[in-house]
Amino acid sequence: MSAFSAAVTPPLEGATTRSDESISYDGGVHNVSTEVSAGRPSSASHPIDRKIEYAQDSIPTYLAERSPHRSTLSERPRQPSAFSHGHTHIYPPISLHHDSLDNHSEVPVFNYEASTQVAVIEAPSSVDGAANLQQERKWKRNATIQLCALCFTFYLEGWNDASTGPLLPVVQRDYHIGFAVVALLFVSNCVGFVSAAFINVWMDQRFGFGKSIVLGAICQLAAYAILAPAPRFPIMVFAYGINGFGMAFQNAQANGFVASVKDNMTMKLGMLHASYGLGAFTSPFLATHFSTQKHWSFHYLCSAGISVINVAVLSYVFRLKRQEDILAEAGQFPSQEPNQHIAGGAQTQGSLYRQILTIKAVHFLALFALIYVGVEVTLGGWIVTFIIQERDGGPSAGFISSGFFGGLTLGRIGLMWLNKLVGERRVIFVYTLLCIVFEITIWLVPSIVQNALAISFIGILLGPMFPILISHSTKILPGGLLTGSVGLISSIGVSGSALLPFITGVLASKFGIGSLQPLMVSMMSLMIVLWALVPKAVRRLD
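Just so you know, these numbers come straight off a predicted model, no measurement behind them.

Engineer: Give a description of the overall build of the protein chain that names residues and reports values.
Structural biologist: Helix and strand content of the protein chain: 18 helices and eight strands. For the protein chain, restricting intrachain contacts to residue pairs at least 6 apart in sequence, the fraction spanning at least 24 positions comes to 82%. For the protein chain, the computed accessible surface area is about 25,200 Å², with 62% contributed by carbon and sulfur atoms.

Below you can see the structure in the form of structure tokens.
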């Protein structure tokens, strides 16, 4: 703070009356009080005492005791000039109003007295900065915990998808069924996925993110509880439908949530889907072990144990809250854009469906996701049967599935730099063409070692595609419809994990498991066509 005082005493001929004038200025940092003694001129010389004070706070003792510097000015009165301290300049904003002196033509002479002026600038308090830093750390910690919870959910999803392949031969053996009948497991799973794909938008509107994803986790746990005692085959088919229903909810909600995150969204999507690959990599080791045991269905007890942890983690971290509230806990507050999706707002369920389904890009992205996920799961599942029957592999062929999903995990993390270098849209074409080349070698080269290496490289190349798909969706879809659109795309895409394996089973029952490779080559070629129809990324204005 600053304090400044000045006294001015002009000599002027006599005054018989005295008037006081008070001047104050509240717009700046000074209060000005002026006392004027003035009167008519007379034969006696009477000085006019004029005092101007600038004061806000009392002057410290060590400053008040200093001797003022006095100067005499033989000129008109003027406003005090600017005083500076360091880089700070203070201009006293005063305005003097004088009582008129009757017919006095003489110009008064002012003696200007000023004390040394010192500006004291208070340093900003460190309390607010420390509080903000602590709040930012809390937001980052919450965001990390939320991402880890969703990664664990995707780990369980990958665990589920990769465990089916090593168990298919033993399921066929114990239930005495062929390829077409065992493929009903995938049909039921597909029905669950598709049902959840369309219900998910309504669920998100009605109940929000937290309740929807926990409901999906509970459905998955119930399915494992049914499968663990190796029930009759129709009940097993029903359980696979419940499992698909639950996984579709979790997949759609998790993808929509991470796609709505503003900070490092692409990297977080890569980590999310890498968790899927990690679960798919570890599951075949246990599933292959149980496929050689009498109680092979006890594999689902292990899956149920992981699912219990999943339900507990999702319930604790998200506490059944809506997505807007959960993102706010991580420092991302909902925008006030006119088309921003707010649950319970003016948008009805029907209008939201219509808006999403009228976007052509949603259809192309959903079809691409369906084919991609179908190719991924079909290769990871049926490749074991292919190696056993076509390449005379033993029970250890289940480990080839782990190599495929291990490559999937590695590709989603290790190829991020290449995605940015080449461009996310162009790199999909490059990866798909290379996948076709490796798939043809598996088809034509009768070598277990070569086939195992080729399937691992295909996993590496397929790995980044789905995270790129979701990232590209955020660049071409309206912000207000992003969560619902991504949820729909993900749910339809995950249904491909049931549809294409079922088609593979039907073809294998008629033409043999060797039909797997030409089917995969044709599906990969279709992926190139569908991706070419997806619009290029544009800068969204919303």
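Engineer: Help me get a handle on the environment of Pro464, residues and values and all.
Structural biologist: Relative to the helices and strands, Pro464 is located in the loop between helix 15 (448-462) and helix 16 (465-476). Pro464 sits in the buried class, given a relative accessible area of 3%. Beyond its immediate stretch of four places on either side in the chain, Pro464 contacts Gly411, Arg412, Leu415, Asn419 and Tyr431.

Engineer: Requested: an account of the confidence of the model for the protein chain, with residues and values cited.
Structural biologist: The predicted coordinates of low-pLDDT regions are not to be read in fine detail. Of the residues in the protein chain, 72% have a pLDDT of 70 or more, and the chain-wide mean is 77. A low-confidence stretch, residues 1-55 (pLDDT under 50), is modelled with 152 contacts involving residues beyond four sequence positions or located in other chains. Ignoring residues within four places in sequence, the model shows residues 336-347, a span with pLDDT below 50, making 20 contacts including any to other chains.

Engineer: Give a description of the packing of aromatic side chains that names residues and reports values.
Structural biologist: The final tally for this structure, using the stated rule, is 18 aromatic pairs. Centre to centre, the rings of Tyr155 and Trp159 are 6.4 Å apart; their planes meet at 35°, and the pair counts as tilted. Residue Tyr155 and its partner Trp159 are both found in helix 2 (residues 126-175); the two are separated by four residues, about one turn of the helix. There is no split in this pair, since Tyr155 and Trp159 are both buried. When the centroid spacing of 5.4 Å and the interplanar angle of 40° are considered together, the rings of Phe285 and Phe399 count as tilted. Here the residue Phe285 occupies a position in helix 7 (residues 265-291), and Phe399 occupies one in helix 12 (residues 398-414), the gap between them amounting to 114 residues. A relative accessible area of 38% places Phe285 in the partly exposed class. What links up through ring pairs into an aromatic cluster is the set Phe152, Tyr155 and Trp159. When the ring centre of Phe207 is taken as reference, the NZ or CZ atom of Arg206 above it lies at 5.1 Å. Over the aromatic face of Tyr316 sits the side chain of Arg319, whose NZ or CZ is 4.7 Å from the ring centroid.

Engineer: Mind laying out the pattern of salt bridges, listing which residues take part and the relevant values?
Structural biologist: A complete count under the given rule lists four salt bridges for this structure. Between Lys321 and Glu329 there is a salt bridge, with the nearest N and O atoms lying 2.4 Å from each other. Look at Lys321 and you get partly exposed, because its relative accessible area is 30%.

Engineer: Break down the nonpolar core for me, with residues and values.
Structural biologist: Formed by 127 residues in total, the largest nonpolar core has its most connected members in Met236, Val375 and Leu462. With 18 residues, the top contributor of residues to this core is helix 11 (residues 360-390). Every residue in contact with Met236, bar those within four places of it in the chain, is listed here: Val171, Tyr175, Leu185, Leu227, Pro231, Trp296 and Tyr300.

Engineer: I'd like a description of a nonpolar patch on the surface, backed by residues and values.
Structural biologist: On the surface, Leu278, Phe281, Phe285 and Phe399 cluster together into a nonpolar patch covering about 350 Å² of accessible area. Take Phe399: its relative accessible area is 40%, and that puts it in the partly exposed class.

Engineer: Which residues make up the packing of helix 14 (residues 424-444) against helix 15, and what values do they have?
Structural biologist: Each pair of packed helices can be summarised by the angle the axes make with each other and by the distance between the axes. Taken N-terminus to C-terminus, the directions of helix 14 and helix 15 make an angle of 165°; their axes are 9 Å apart at the nearest point. Our classification of the angle between helix 14 and helix 15 gives roughly antiparallel. The hand of the helix 14/helix 15 crossing is left-handed. Residues Tyr431, Leu434, Cys435, Phe438, Glu439, Thr441 and Ile442 of helix 14 lie in contact with helix 15, whose contacting residues are Gln450, Asn451, Ala454, Ile455, Phe457, Ile458, Leu461 and Leu462. Split into classes, the residues belonging to the contact of helix 14 with helix 15 amount to 11 nonpolar, three polar and one charged.

Engineer: Hey, could you go over the side chain of Gln253 for me, with residue numbers and the actual values?
Structural biologist: With respect to the helices and strands, Gln253 occurs in helix 6 (residues 233-259). The class of Gln253 is buried, set by a relative accessible area of 2%. Side chain to side chain, Gln253 and Asn200 meet in a polar contact 2.8 Å long. Gln253 has contacts with Asn200, Asp204, Phe209, Ser212 and Ile213, leaving out every residue within four places of it along the chain.

Engineer: Residues and numbers for unusual backbone geometry, please.
Structural biologist: At His176, a position not held by glycine, the phi torsion is positive, near 55°. Accessibility expressed as a relative area gives 73% for His176, which makes it exposed. Positive phi is not limited to glycine here, since Arg319 has a value of about 50°. Mapped onto the fold, Arg319 is located in the loop between helix 8 (299-318) and helix 9 (323-329). By relative accessible area, Arg319 is classed as partly exposed at 48%.

Engineer: Run through the environment of Lys475, naming residues and quoting values.
Structural biologist: Mapped onto the fold, Lys475 is located in helix 16. Judged by its relative accessible area of 33%, Lys475 is partly exposed. Measuring from C-alpha to C-alpha, the distance between Lys475 and Lys536 comes to 8.8 Å, with 61 residues separating the pair along the chain. A distance of 3.2 Å separates a polar atom in the side chain of Lys475 from a polar atom in the side chain of Glu424.

How each quantity is defined
- Residues numbered from 1 in each chain as written.
- Predicted model: local features only at pLDDT ≥ 70, side-chain atom pairs only at ≥ 80, totals over all residues.
- Heavy atoms only, no water.
- Helix = DSSP H or I, 4+ residues; strand = E, 2+ residues; numbered from the N terminus.
- Contact = heavy atoms within 4.5 Å.
- Areas by Shrake-Rupley, 256 points an atom, 1.4 Å probe, with all protein chains shown as cover.
- Buried < 20%, exposed > 50% of the residue type's maximum accessible area, 1.4 Å probe, protein only.
- pLDDT = per-residue confidence, 0-100.
- Phe/Tyr/Trp six-rings, centres within 6.5 Å; stacked < 30°, edge-to-face > 60°.
- Lys NZ or Arg CZ within 6 Å of the ring centre and 35° of its normal.
- Salt bridge = Lys/Arg side-chain N within 4 Å of Asp/Glu carboxyl O.
- Core = buried A, V, L, I, M, F, W, Y, C linked by side-chain atoms within 4.5 Å.
- Patch = residues over 30% accessible without salt bridge, like charges linked within 9 Å, V, L, I, M, F, W, Y side chains within 5 Å.
- Axes fitted to C-alpha atoms, helices over the stretch in contact; angles between N-to-C directions.
- Parallel < 35°, antiparallel > 145°, perpendicular 65-115°, else oblique.
- Left-handed = near helix turned anticlockwise from the far one by under 90°.
- Nonpolar A, V, L, I, M, F, W, Y, C, P; charged D, E, K, R; others polar.
- Polar contact = N/O pair within 3.5 Å; in protein donor to acceptor, adjacent residues only side chain to side chain.

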